[in-house]
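In case you want the letters, here they are:
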Amino acid sequence: MPSTPLPHNHGQAIEQELENMPKVSDFQVVSDIFKQLCDGNRVRIFWLLCHCEECVINLASWAGMSSPAVSHHLRQLKSSGLIVSRREGKEVYYRAADTEQVQLLHRMIEKMVEISCPSA
């Protein structure tokens, strides 16, 4: 970021922070990942796949959704790199990707649920 003085000096020394600020494209990557988690059913499916590997039929039964609806959510999660799949015969199995990003999102979801829905 260019070191152009800001129009107003509020005494917060933000210029140094601006020099270290990530690029707009870096923030767009984060935004795209959060867009994938904008649907409660998708978050639930992602959470489950952080704990196990499962096929569409079982996921649909567990979630109380149709297979096409679950497949739609899986495509979204897979396109963002949050889950991966493998084929075994006619069956396709899905699980969370083994990345630091996924692990962090999983921990964040669990913590948010804990904070928002404390047990009685």
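This structure is a prediction, so every number in the text was calculated from the model and none was measured. (Residues numbered from 1 in each chain as written. Predicted model: local features only at pLDDT ≥ 70, side-chain atom pairs only at ≥ 80, totals over all residues. Heavy atoms only, no water.)

K.L.:
Quick one: what's the story with the overall build of the protein, residue by residue and with numbers?
P.N.:
Helix and strand counts for the protein come out as six helices and three strands. Scanning the protein from its N terminus toward the C terminus, one meets helices and strands in the order α-α-α-β-α-α-β-β-α. Taking 120 residues into account, the globule formula puts the C-alpha radius of gyration at 14 Å, and the protein, at 19 Å, lies well above it. By principal-axis analysis of the C-alpha atoms, the protein measures approximately 60 × 40 × 20 Å. A burial count over the protein gives 25% of its 120 residues as buried. Taking as baseline every contact in the protein between residues at least 6 positions apart, the subset at least 24 positions apart corresponds to 52%. Summed over its atoms, the accessible surface of the protein is roughly 8,600 Å², and 55% of this surface lies on carbon and sulfur atoms. If the 12 positive side-chain charges of the protein are averaged to one point and the 14 negative ones to another, these points end up 10 Å apart. (Helix = DSSP H or I, 4+ residues; strand = E, 2+ residues; numbered from the N terminus. Rg over C-alpha atoms; globule rule 2.2 N^0.38 Å. Buried < 20%, exposed > 50% of the residue type's maximum accessible area, 1.4 Å probe, protein only. Contact = heavy atoms within 4.5 Å. Areas by Shrake-Rupley, 256 points an atom, 1.4 Å probe, with all protein chains shown as cover. Lys, Arg positive; Asp, Glu negative; His and termini not counted. Charge placed at Lys NZ, Arg CZ, Asp CG, Glu CD.)

K.L.:
Now, about the sheet that holds strand E2 (residues 83-88): what can you tell me, with residues and values included?
P.N.:
In spatial order, the strands read E1-E3-E2; together these three strands make up an open sheet with antiparallel pairing. Either end of the sheet is taken by a strand with one partner, and the two such strands are strand E1 (54-55) and E2. Two elements, E2 and strand E3 (residues 91-96), share six bridges in a ladder whose sense is antiparallel. Residue pairing across strands places Ile83 opposite Ala96, the latter belonging to E3. In this fold helix H3 (residues 40-49) packs onto E1, E2 and E3, with an angle of close to 90° to the strand it touches most, E3. (Pairing = 2+ DSSP bridges. Axes fitted to C-alpha atoms, helices over the stretch in contact; angles between N-to-C directions.)

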